[in-house]
Amino acid sequence: MANDALIAALKATNVAVERVLDPILAVPEGYEAQVVQAMRYSVLGGGKRLRPLLVLASGELFDVERSHALRAAAAIECVHCYSLIHDDLPAMDDDDMRRGQPTTHKAFDEATAILAGDALLTLAFEILSHPSTHPDPNVRLELITALTKASGHHGMVGGQMIDLTAHDHDLDENAIYRMQQMKTGDLIAFSVEAGAILGHASKDARQSLHGYARDLGLAFQIADDLLDVEGDVEDVGKATGKDQNAGKATLVSLMGLERARQQAQMLSDQAIEHLQAFDTRADLLRGIVHFAVNRTH
Ligand code: GRG
């Protein structure tokens, strides 16, 4: 799939996901309005929408109804944006810019940013538990269970804890892989899995997609680390060189630029191999791998 087509697909996904989230995040009349403004600022404020596109692309393999896939995609963006808001806070990465605009705590204040993150996380589960996401309650429960695992201490939060305390431990390559898998990979893997859950996919199909998502997530993370070293601030939309300056343990710092690039390439080839059993309907998933590894932002 050509890069232009993929960028067009990401843009269309952005419009569709915002159409789901806009009415859900209607600003109320009461004094709680400020937290909703901050939630809107974060979740409707851009981003590549890679995870939503993964849900749609995997859902297409199993003829999932688009409106169902879009609601799962919207829930994932809520979790993703909550993690970005909290990651940018002074107590964590202390960043001023995200997606080319002031971070949520800079645009509002720290307390509002914390609450907006909390409310987005909670909203994700409200969206998944609603019958419009899928008429079968077992499917909804499976989505909720898988998202709790991907986002909580078994996944993203656990990975973030390892990252925040990495300077106290001498992390080897395997430990860094595990941290990245939990911090970034598990939510990416859930995005692919969500399409399979909604589409009642077979065990074999799910296993192949799991392998695809695991390798994609790691390749995506190495690309992110490479952007931190080599990326342009304007393109990336946030400060670069932060990992290096903070002496953070990343695969790039451990392997060096050249080996990290080779590793990202090897992982992306492997990700595509996992899709062998699928026909041309998996071309979007194949295209996403190229985009995730060769992106400039
Ligand atoms: C605070 C619980 C908690 C977790 C934070 C995901 C995360 C953990 C931190 C984000 C910091 C970071 C730069 C991680 C590397 C990979 C990553 C998730 C990048 C941002 O995702 P993109 O590139 O962002 O998909 P957009 O803006 O395009 O949505």
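Residues numbered from 1 in each chain as written. Predicted model: local features only at pLDDT ≥ 70, side-chain atom pairs only at ≥ 80, totals over all residues. Heavy atoms only, no water.

## Focus: the overall build of the protein
From N to C terminus, the protein includes 15 helices and two strands. Rg of the C-alpha trace for the protein: 18 Å, near the compact-globule value of 19 Å for 297 residues, within the 12% margin. Each of the 297 residues in the protein was classed as buried or not, and the buried ones make up 52%. Partitioning the intrachain contacts of the protein with sequence separation of at least 6 by distance along the chain shows that 73% fall at a separation of at least 24. Per element, the accessible surface of the protein, about 13500 Å² overall, is 52% carbon and sulfur. (Helix = DSSP H or I, 4+ residues; strand = E, 2+ residues; numbered from the N terminus. Rg over C-alpha atoms; globule rule 2.2 N^0.38 Å. Buried < 20%, exposed > 50% of the residue type's maximum accessible area, 1.4 Å probe, protein only. Contact = heavy atoms within 4.5 Å. Areas by Shrake-Rupley, 256 points an atom, 1.4 Å probe, with all protein chains shown as cover.)

## Focus on the environment of Ala 72
Residue position: Ala 72 is located in helix 4 (residues 66-88). For Ala 72 and Val 43, which are 29 residues apart along the polypeptide, the C-alpha to C-alpha distance reads 14 Å. Once residues lying within four places of it in the same chain are set aside, the contact partners of Ala 72 are Val 55, Leu 128, Ala 194 and Leu 198.

## Quick look at helix 6 (residues 110-129)
For helix 6, with 20 residues, the first-to-last C-alpha span of 29 Å sits near the 28 Å given by 1.5 Å per residue. Taken together, the buried positions of helix 6 are Thr 112, Ala 113, Ala 116, Gly 117, Leu 120, Leu 123, Ala 124, Ile 127 and Leu 128. Taken end-on, helix 6 shows its buried residues confined to a sector of 140°, consistent with a single buried face. Along helix 6, the residues that are exposed and aim more than 90 degrees away from the buried face are Thr 122 and Glu 126. Packing partners of the buried residues in helix 6 comprise helix 1 (3-24), helix 2 (33-43), helix 4, helix 5 (104-107) and helix 7 (137-151). With a side-chain oxygen positioned 3.2 Å from the backbone nitrogen of Ala 111, the residue opening helix 6 is Asp 109. (Expected span 1.5 Å × (residues − 1). Arc of directions from axis to C-beta. Polar contact = N/O pair within 3.5 Å; in protein donor to acceptor, adjacent residues only side chain to side chain.)

## Some remarks on helix 2
Looking only at helix 2, the buried set comprises Ala 33, Val 35, Val 36, Ala 38, Met 39, Ser 42 and Val 43. Each element contacted by the buried residues of helix 2 is listed here: helix 1, helix 4, helix 5 and helix 6.

## Overview of the site of the ligand
Among the 21 residues in the neighbourhood of the ligand, the closest are listed as Lys 48, Arg 51, His 80, Asp 87 and Arg 99. Contacts to the ligand include Arg 51, whose side-chain N or O atom sits 2.7 Å from an oxygen atom. Side-chain polar atom of Arg 99 to an oxygen atom of the ligand: 2.8 Å apart, as the coordinates give it. When the ligand sits alone it has 700 Å² of accessible area, and the protein chains cover 93% of it. A per-element tally of the shell around the ligand places helix 4 first, with six residues. Tallied by class, residues from the shell around the ligand come to six nonpolar, seven polar and eight charged. (Near = heavy atom within 4 Å. Nonpolar A, V, L, I, M, F, W, Y, C, P; charged D, E, K, R; others polar.)

## With respect to the packing of aromatic side chains
Summed over the entire model, instances satisfying the criterion amount to two aromatic pairs. Pairing Tyr 41 with Phe 108 gives two aromatic rings, centres 5.6 Å apart and planes at 75°, and the pair type is edge-to-face. Of this pair, Tyr 41 sits in helix 2 while Phe 108 sits in the loop between helix 5 and helix 6, placing them 67 residues apart in sequence. Given the relative accessible area of 21%, Tyr 41 is considered partly exposed. Its relative accessible area of 26% is what places Phe 108 among the partly exposed residues. Each ring, one from Phe 62 and one from Phe 278, has its centre 6.5 Å from the other, and the planes form 85°; the classification is edge-to-face. Of this pair, Phe 62 sits in the loop between helix 3 (50-61) and helix 4 while Phe 278 sits in the loop between helix 14 (257-273) and helix 15 (283-294), placing them 216 residues apart in sequence. (Phe/Tyr/Trp six-rings, centres within 6.5 Å; stacked < 30°, edge-to-face > 60°.)

Worth remembering: the numbers are spatial, not functional.
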